[in-house]
Amino acid sequence: MALSITASRPDPALLDLPWDTPLEDWPEEYLAALPRGISRHVVRFVKLSGRVLAVKEIKTVLAEREYQMLRLLRRLDLPTVEPVGVVSGRVDKAGEPLDACLLTRHLQFSLPYRALFSQSLRPDTATRLIDALAVLLVKLHLAGFWWGDVSLSNALFRRDAGAFAAYLVDAETGELHQSLTDGQREHDLDIARVNIAGELMDLEAGGYLPEGADPIEISTQIVTRYTELWNELTGPERFEQGDRWRVDERIRRLNELGFDVDELSISTDFDGTQIQIQPKVVDAGHHSRRLLRLTGLDVEENQARRLLNDLDAYRAANDRQNEDEEIVAHDWLAKVYEPITRAVPRDLAGKLEPAELFHEVLEHRWYMSEHAGRDVPLEDAIADYVSTVLPSKPDEMAVVGVDTVEMPVVAMFDDD
Amino acid sequence: MATVKYDEATRLYPGNDKPSVDRLNIDIEDGEFLVLVGPSGSGKSTALRMLAGLEEVNGGKIWIGDRDVTNLSPKDRDVAMVFQNYALYPHMSVADNMGFALKIAGVDKAEIRKRVEEAAKILDLTPYLERKPKALSGGQRQRVAMGRAIVRSPQVFLMDEPLSNLDAKLRVQTRTQIASLQRRLGVTTVYVTHDQVEAMTMGDRVAVLKDGILQQVDSPRRMYDHPNNVFVAGFIGSPAMNLLDVEVADGGVKVGGSTVPVERDLLSGASGNQVTLGLRPEDLELSSDGQGIPVTVDVVEELGADAYIYGSTKASQHVDDDEDGDAPEKPFIARVDGRRPPQKGETVHFAPKQGHVHVFDATTGERLGD
């Protein structure tokens, strides 16, 4: 059978990879990181045209199914890794058939959960990861996607203004339905709870979990956090005719959580004294969409919220509340945001994403001001942050790791 | 352990006008290994998920033991989906990898240890319990994953195409392991596959579904010897049964130029002058006198003791076919003695072995006779 590459935007360099060799035996020169740990499938990270690709060796039907599934999920605007293509029809040098390979693009500045636990850790890291995973699961479920293998290792995490944003990495077991039944959602939650507990117990056994953290207790938080969010996003609410302000209040609460309400059903009981409202269609990304519209910046939800707050503060401080929002946003971008993100020397640019850096500098400025007992100018805060804090941060642009990797592995690029 | 009962169980997806599973009735005995098999879209996975609690049941009921579980949530049904996830945790011992889910469920330590040890014995993993998964072979790792489901000692195991991501060799191995393991454990198991060979080799009984409707549920032997209709006849068995449309004649059916004897009783139930004749490739003999079904040989697949003939025949003629024109060519497969197989291009004649003739109604597809 002839080698066949299915890809949305094929890179001819793909042809240069050693497809006639089992993935397990690919020579180091192709790899962006050395393989570690054990995994259900063979997965390798390869360098290709200056980027990192994840290559997973699985049966052709499964590779094609997962590729199409990831494309569908991306089209639905769900946070997942970007599928690059499927290479099938592989044969080894002796003419024996080899499994297909699914290619996905490595998500820049994303972190496998294990990498986070091997850094010196804030005690609530596990909780923040669970929160991010709960948000991801709610988003997927709202779209009718049943994951089937919810776990920390099947997600990647990006820093998001002190919190995390989770991305789906592995869609192998997933199914897209019109909508999910309660049973399907519960089953996903049950799988999540067991997997998370297992993953945390493993970290505990390896000495990576902070003292006193209880894997089982933390794992049950996925259920609580998910249920709270799900109910807030989808649950009906009843009130008296006179309390109509509660409609706006509900929408405001959903916006606060980062969701827009596209459709809200309002019904009254037969004598019209009671009103029931229920969100029918909600859309994640309330803040990031607004920021994108105003500034063209495409960032995570909490980062967007942080940036928008700073933009509002800028408007107020400069007494420009009555001006066109877009014009003020343009000025803010040029005078506040860009000077901060440009202040980073090139060799430190791989440490943090610009929006996260912005958030960190603002935090840093707040602490400096508190310490000094006066407002520290932004320029001073940037200079201090870049010289004292940033250099000690790990490089996070290309941290890669297989699902059961024991230690974070940083992609190694030649200096070209 | 428990029995499982599908009682007129129906699943209709919103927006569809035809149910994906239509009034399914199956009684599964305690400890039985039941395989649901069918082509894609047959409703086999949906049926399994209805039992797991992942699909709503829109009509009828599902029972596990004497409990009506129709409206219970998945975790309250005491069923285990096996192989959903077999990630192993590298820092944990094999014993902990098998038992950690019990810890979450609040089972006490001594009980966990007891169940893990029992499962390890069944899975031949006892010497490895204190080791890390890294030290295990691929097959052993997979058994640890099975152990994770076993220690939960659920009432029913559910498996949805568990072997689909394994390569052919490992699939056959694991198939045997699962089947023998299930027999040793005696836990009622419902297993879904699209592969009829898998179904026939693993199941105590096999349930064939098509378009959401149960076609037949029987032991593999009975299913093979006695398919209820044309669909089951063509679906079960590899290579597939030859199905020819033929005319009823005196004392039998007309095939090619000759008459194949079929009992009169069998044919009397036919709704017309035509029937569908079913002949398994392994139930045919080469005839030397030019009588029987004429077959032109296209390919000879030699397997040593046996050989398979892949050819075509014009012996099948449906009433709707153009009577003036040539009869259409239909593929025909037969097993012959491997030492003297016919040659490619040759035309040979096959006669069915005595008592191995299946006859189906040409209109309804139902089996005629018993």
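Each chain carries its own residue numbering, running from 1 in the written order of its sequence. Numbering of ligands from 1 and lettering of chains from A proceed in the order in which they are written. Reporting in this predicted model follows two pLDDT cut-offs: at least 70 for local features of residues, and 80 or more for side-chain atom pairs to be given and counted; totals over whole chains, interfaces and linings ignore these cut-offs and use all residues. Remark: hydrogens and water are excluded; side-chain values derive from all non-hydrogen atoms of the structure.

**Description of the overall build of chain B**
The line we're drawing: In this text, helices come from DSSP runs of H or I with a minimum length of four residues, and strands from runs of E with a minimum of two, each type numbered from the N-terminal end. For the exposure calls, accessible area comes from a 1.4 Å probe over protein chains only, and a residue counts as buried if that area is under 20% of its type's maximum, exposed if over 50%, partly exposed in between. Residue contacts are defined here by distance: any two heavy atoms, one from each residue, within 4.5 Å place the two residues in contact.
From N to C terminus, chain B includes nine helices and 20 strands. Based on the C-alpha atoms only, the size of chain B along its principal axes is roughly 80 × 50 × 35 Å. By the burial criterion, 52% of the 370 residues in chain B qualify as buried. Across chain B, contacts joining residues at least 24 apart in sequence account for 67% of those joining residues at least 6 apart.

**Thoughts on the overall build of chain A**
Quick note on the threshold: Based on C-alpha atoms, the radius of gyration is set beside the globule rule, defined as 2.2 Å times the residue count to the power 0.38. Only the protein chains shown count as cover for residues, and the accessible areas themselves come from Shrake-Rupley with a 1.4 Å probe. Neither His nor the chain termini are counted; the positive set is Lys and Arg, and the negative set is Asp and Glu. For this purpose, a charge sits on NZ of Lys, CZ of Arg, CG of Asp or CD of Glu.
Broken down by element type, chain A carries 11 helices and 15 strands. Against the 2.2 N^0.38 benchmark of 22 Å for 416 residues, chain A shows a C-alpha radius of gyration of 24 Å, consistent with a compact globule. Referenced to the eigenvectors of the C-alpha coordinate spread, the extents of chain A come out at roughly 80 × 60 × 45 Å. Among the 416 residues that make up chain A, the fraction classed as buried is 51%. In the structure as shown, chain A presents an accessible area of about 19300 Å², 49% of it carried by carbon and sulfur atoms. Taking the average location of the 45 positive side-chain charges in chain A and that of its 75 negative ones, the two points are 2 Å from each other.

**Remarks on the sheet that holds strand 5 (residues 67–68) of chain B**
All names here are of chain B. Put simply, the test is: Should DSSP find at least two bridges between two strands, the strands are taken to pair. Lines fitted to C-alpha atoms define the axes, with helix axes restricted to the stretch in contact, and inter-axis angles between N-to-C directions lie between 0 and 180 degrees.
Read across the sheet, four strands follow the order 2-1-4-5 without closing on themselves; strand pairing throughout is antiparallel. In this open sheet, the two strands that pair with only one neighbour each are strand 2 (21–28) and strand 5. Here five bridges tie strand 1 (residues 4–11) to strand 4 (residues 59–64), and the two strands are oriented antiparallel to one another. Residue Lys5 lies in a different strand from strand 4, and its bridge partner there is Trp63. Against the sheet, helix 1 (residues 44–52) engages strand 1, strand 2 and strand 4, with an angle of about 115 degrees to strand 1.

**Let's talk about the domain arrangement of chain B**
Residues and elements named next belong to chain B. For clarity, the threshold we go by: The domain boundaries here were taken from an automatic or database domain assignment. Accessible-area loss on putting two parts together, using a 1.4 Å probe and summing over both, is the definition of buried area adopted here.
Considered domain by domain, chain B is made up of domain 1 (4–230) and domain 2 (240–361). Summarising the inter-unit geometry, the C-alpha centres of domain 1 and domain 2 are found 40 Å apart. Across the boundary between the two partners, domain 1 contributes seven residues, which contact seven residues of domain 2. Both faces considered, domain 1 and domain 2 share a buried interface measuring about 530 Å² in area, 63% of it formed by carbon and sulfur atoms. A per-residue breakdown of the area domain 1 buries against domain 2 is headed by Tyr224, Pro227 and Val230, which together make up 86% of the total.

**Section: the pattern of salt bridges**
Residue and element names in this part refer to chain B. Note the threshold: In the sections that follow, a salt bridge refers to a side-chain nitrogen of Lys or Arg positioned within 4 Å of a carboxyl oxygen of Asp or Glu.
If you walk through the whole model with that rule in mind, you get 51 salt bridges over all chains. Linking Asp204 and Arg183 is a salt bridge whose minimum nitrogen-to-oxygen distance equals 3.1 Å. Of this pair, Asp204 sits in the loop between helix 6 (196–202) and strand 9 (205–210) while Arg183 sits in helix 5 (residues 168–185), placing them 21 residues apart in sequence. On the basis of relative accessible area, Asp204 is assigned to the partly exposed category, the value being 30%. For Arg183, a relative accessible area of 43% puts it in the partly exposed group. The partner of Asp225 in a salt bridge is Arg221, and the shortest N-O contact between them spans 3.2 Å. On the criterion of helical spacing, the pair formed by Asp225 and Arg221 is a turn pair, its members being four residues apart in helix 7 (residues 220–225).

**Structural notes on the interface of chain A and chain B**
Here is the rule we go by: Identification of polar contacts relies on pairs of N or O atoms within 3.5 Å, with a donor-acceptor requirement for protein atoms, meaning one able to donate a hydrogen and the other able to accept it, and with residues adjacent in sequence counted only if both atoms are side-chain atoms. Here the term charged refers only to Asp, Glu, Lys and Arg, the term nonpolar to Ala, Val, Leu, Ile, Met, Phe, Trp, Tyr, Cys and Pro, and the term polar to all other amino acids, Gly among them.
The interface is formed by 34 residues belonging to chain A together with 29 residues belonging to chain B. Summed over both sides, the interface of chain A with chain B buries roughly 2800 Å², with 60% coming from carbon and sulfur. One can count two salt bridges joining chain A with chain B. Of the charged contacts, one joins A:Glu175 and B:Arg49 as a salt bridge, the two residues approaching to 2.6 Å between their closest N and O atoms. Counting every contact that joins chain A to chain B gives seven residue pairs in polar contact (both at pLDDT 80 or more). Sort the elements by how many residues they give to the side of chain A that touches chain B and helix 4 (residues 182–205) of chain A lands first, with 15 residues. Looking at side-chain class alone, the side of chain A that touches chain B contains 10 nonpolar, 12 polar and 12 charged residues.

**Some thoughts on helix 11 (residues 378–389) of chain A**
Under the convention used in this document: By this rule, a helix spans an expected 1.5 Å times one less than how many residues it contains.
For helix 11 of chain A, which comprises 12 residues, the first-to-last C-alpha distance of 15 Å matches the rise-based estimate of 16 Å (1.5 Å per residue) to within 8%. Buried-residue contacts for helix 11 of chain A involve helix 9 (325–342) and helix 10 (354–372) of chain A.

**Things to note about the UniProt feature "domain: DUF4032" (unreviewed entry) in chain A**
So the rule is basically this: UniProt positions are given in the numbering used here, feature names are shortened, and annotations may be inferred rather than shown by experiment.
With numbering aligned to this structure, UniProt lists the feature "domain: DUF4032" (unreviewed entry) at residues 228–390 of chain A. Taken end to end, residues 228–390 of chain A has its terminal C-alpha atoms 36 Å apart, with 58% of it in helix and 15% in strand.

**Some details on the UniProt feature "coiled-coil region" (unreviewed entry) in chain A**
In the UniProt entry, the feature "coiled-coil region" (unreviewed entry) is given for residues 297–324 of chain A. Regarding residues 297–324 of chain A, the helix share stands at 61% and the strand share at 0%, and the terminal C-alpha atoms are separated by 18 Å.

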